[in-house]
Structure formats: structure tokens, C-alpha cells
Amino acid sequence: MSSPQDLPALGIDIGGTKVAGGVVLPDGTITATARRATPGTSVRATEDAIAAVVEELADRHGGPLVGVGVGAAGWFDRTGDTVLFSPHLAWRNQPLRQDLARRLQRPLWVGNDADAAAWAEYRYGAARGSDLAVMITLGTGIGGGMVIDGRLQRGAHGVAGEWGHMRVVPDGRLCACGNRGCWEQYASGNALGLTAREVATSSPAAAALLLERVGGRAERLTGEDVATAAKAGDPLALELLADVGTWLGQGIADMAAILDPDVVVIGGGVSVLGEMVLGPARERLERALPGRGFRPGPTVVAAQLGAQAGLVGAADLARQAVADGTA
């Protein structure tokens, strides 16, 4: 008889626009995928989309599955039973685990998507073998997770890993969380676009190449525009990316003072820019690390699993939960 560790699991990754799922083998290989649009304004419709992806994948797989792991963008309580808040979905204090367990009738793990991605990188990717791994997801904002001594750490209230809301600039830019000066206002995709718009408005001559991409309208510039321009060699775009990298390195140095990780994995959409961001981040980390010269700092590496890390990690966390008897 097969043990849970030998069976495939379903991994589901829920974002603001899509529900993506996959059948994931114990070695992290994805053998089938499916997706549906995320109807973010309706709790019931979002759960319908999750159930549809699960049913499609289970039918296509046709064999035994250990369970279902669901990673979603939002703040969960410590147990993972309840979504306290999701910025892009309709969940507010929603008993998601209970609702999905009733719908799916399968063993279930539910939790934050960045936690799931961090677990995937620890199990199969850039953080394999780490004693204390931190993952930072750079996208629209900044999220992440951490694995310590082989266990995913959710924090006392379930909301650990919200690195983007460390305050790095007193009375700085206003953040959607309600505070000012949060890290993600200076080191994220949104920050990249915001800085570009500021520069293009105050110094249009310096931003001429960027403005050409948006018909001369500074307010239309996005982080994606800057990234595309940087890949084409635009000097200002490269400078703006380096600025994001510098802020990233400063934040990692501050985290190192508290957590002392051996590896920091950088994932999310911005991470695909590679050394244009990671190079300046490592340089800043080296200059800003507390106790530098007398202690080792963390290795900063790009994530290896890309956009599928969330569903791979969620599937494996479901497998672990079944083995532990907590699913």
C-alpha cells in the first residue's frame, strides 16, 4: 500500500485573475495543469472555480491523489482555516478550509501562496538543504515566507512573512496597508513604476526614451515598461532597476539582523530581471549588513521554480499534512 509520500497531490494557486492548478508528483514534477478565471468579487464563484480545477485535474489524472493544497493571496490565521483578508479577492474572515473541505471531499491544506512558494523552493529549488531560508516575492508588492529547521513558519497569528510592510522610510510613501514608508513602496514592481512616473514628470528630458513607450504620457508608465526598456539598454531604466535592487539589499540587511538566514531566495515577477536587480541588492547587502566583516551574511539567489512555485509548494504541503495527520 502506497504511503502519502509516494502519491501525487493537487496544487492550486489562487491569484487576483486566475485559479491555476497542477498534478504534482512527490519529486515536484508537474504532470498536468488547468486554470480558470478568478471571479474575485464573489466568494461562491471563486470556490466554484477552485472546485472546477480540482475536478478537471482529478479526472485527467485518473489515479489516486493524496490530497489538495490551496495557496491563495491573502492573510490567513495560524491554522490556515480562515482567510482574514485578501486584497484582490472577496474573502473577509472567510472559513475557507471548512468551505472547501465540504466542497472537495478530499484531504486539504490551505494557506498563503507565498508560504507555499517558499516551501517549494526549500523542498525542490534554490533553498534546498537550508537551515533557515527566507523567500522574498517581488511582484506588485513584496511578500514571502520562511522555513526554519525544515518547518514552514507562519507566525503566532498566521501572518508572518509580510516583509513588504517593514517601514524603511519614516513618513515615506503612503502604502495600501495604511502606513507610510513600507519597504514595498521602494522595492517592488509598483515602486519601479511609481519612481519612473515621478522622474518622467519632473525630468521629461531624462526620461525621453521611457516616455516614447507611452506616447509621452508619464502617468501611463508601469514597472513592466521600465523592465522592457532596461532589457533594451535604456540607461535611465537600468538606473531605476538598480535603485530597486539597492532598496532590496537594504531590506535584506535589516532582515539579516533579526533572522540570520543562510539563504534569501528572490522570486516573483521582478526576479526574472536577474542580475539587473540582484547585483545591486548584493552590493548594498555587503555594505549594510550589521557586523559586516565579522560575520557571514546570507546568500542571495534567484528562485528556481518560477510562477509554478505556489502550486508545487501547496501540493507538497498537502502531502505533508496528510502524513502528519493534520489534513
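Our structure is the block above this text.
First things first, this report covers the structure right here in the doc. On a predicted model such as this, the values are computed, not experimentally measured, just so you know. Residues take numbers from 1 onward in each chain, read along the sequence in its written order. Owing to the predicted nature of the model, reporting of local features is limited to residues with pLDDT of at least 70; listing and counting of side-chain atom pairs is limited to 80 or more, with chain, interface and lining totals taken over all residues. By convention in this description, side-chain values take in all heavy atoms of the structure and omit both hydrogens and water.

If you look at the biggest cluster of nonpolar residues, it comprises 43 residues, and the most contacted ones within it are Ile136, Leu248 and Ile266. Taken together, the elements giving at least two residues each to this core come down to β9 (132-138), β10 (142-148), α4 (189-202), α5 (208-212), α6 (223-231), α7 (235-259), β12 (263-267) and α8 (275-288). Secondary structure counts use DSSP, requiring at least four H or I residues in a row for a helix and at least two E residues in a row for a strand, with both numbered from the N terminus. Here this core takes ten residues from α7, the largest share from any one element. Contact partners of Ile266, with chain neighbours within four places excluded, come to Ile136, Leu138, Leu248, Ile252, Ser271, Leu278, Val300, Val301, Ala302 and Ala303. In plain words, nonpolar cores are sets of buried Ala, Val, Leu, Ile, Met, Phe, Trp, Tyr and Cys residues tied together by side-chain atoms within 4.5 Å. Whether a residue is buried, partly exposed or exposed follows from its accessible area with a 1.4 Å probe, protein chains only, as a fraction of its type maximum: under 20%, in between, or over 50%, in that order. Core analysis: the second largest hydrophobic core is formed by 27 residues, Val19, Val53, Val70 and Ala72 among them. Two residues qualify as a contact provided that any one of their heavy atoms is within 4.5 Å of a heavy atom in the partner residue.

Turning our attention to the sheet that holds strand β2 (residues 18-24). DSSP-based pairing: two strands are paired if at least 2 bridges between them are found. Read from one edge to the other, the open sheet built from five strands follows the order β3-β2-β1-β4-β8, with strand pairing classed as mixed. For this open sheet the edge positions go to β3 (30-37) and β8 (108-112), each flanked by a neighbour on one side alone. For this sheet, the mean inter-axis angle between neighbouring strands, taken without regard to orientation, is 15°. The pairing of strand β1 (residues 9-14) with β2 spans six bridges and is classified as antiparallel. Counterpart to Gly11 in the pairing with β2 is Gly22. Axis definition: a line fitted to C-alpha atoms, over the contacting stretch in the case of helices. Angles run 0 to 180 degrees between N-to-C directions. Here helix α3 (residues 113-124) sits on the sheet and contacts β1, β4 (68-72) and β8; the angle it forms with β8, its principal contact strand, is near 105°. Packing of helix α9 (residues 309-324) onto the sheet brings it into contact with β1, β2, β3, β4 and β8, and relative to β1 it is tilted by some 135°.

Moving on, we get to the side chain of Asn112. For Asn112, the position within the fold is in strand β8. For Asn112, a relative accessible area of 10% gives the class buried. Within 3.5 Å is the distance limit for a polar contact, defined as a pair of N or O atoms, with the added protein rule that one can donate a hydrogen and the other accept it, and that residues adjacent in sequence qualify only through two side-chain atoms. Among the polar contacts listed, one links the side chain of Asn112 to the backbone nitrogen of Ala114, at a separation of 2.8 Å. Among the polar contacts made by the side chain of Asn112, one reaches the main-chain amide nitrogen of Asp115 at a distance of 3.0 Å. Other than its neighbours up to four places away in sequence, Asn112 contacts Gly71, Ala72, Gly74, Phe76, Gly144 and Glu162.

The next point concerns the layout of surface pockets. Size it by volume and the second largest pocket reaches roughly 630 Å³. Lining the second largest pocket are 20 residues, and of these Trp109, Arg151, Leu152, Arg154 and Asp324 sit closest to its centre. When contributions to the lining of the second largest pocket are tallied by element, the ones reaching two or more residues are β8, β11 (151-153) and α9. Looking at the lining of the second largest pocket element by element, the count peaks at four residues for α9. Cavities and pockets are found on a 1 Å grid laid over the protein atoms alone: a cavity is a set of points where a 1.4 Å probe fits but cannot escape, a pocket is an open set with protein on both sides within 12 Å along at least five of seven lines, and a lining residue has an atom within 4 Å of such a point. Grid points are joined across faces, edges and corners, and a volume is the space filled by probe spheres set on the points.

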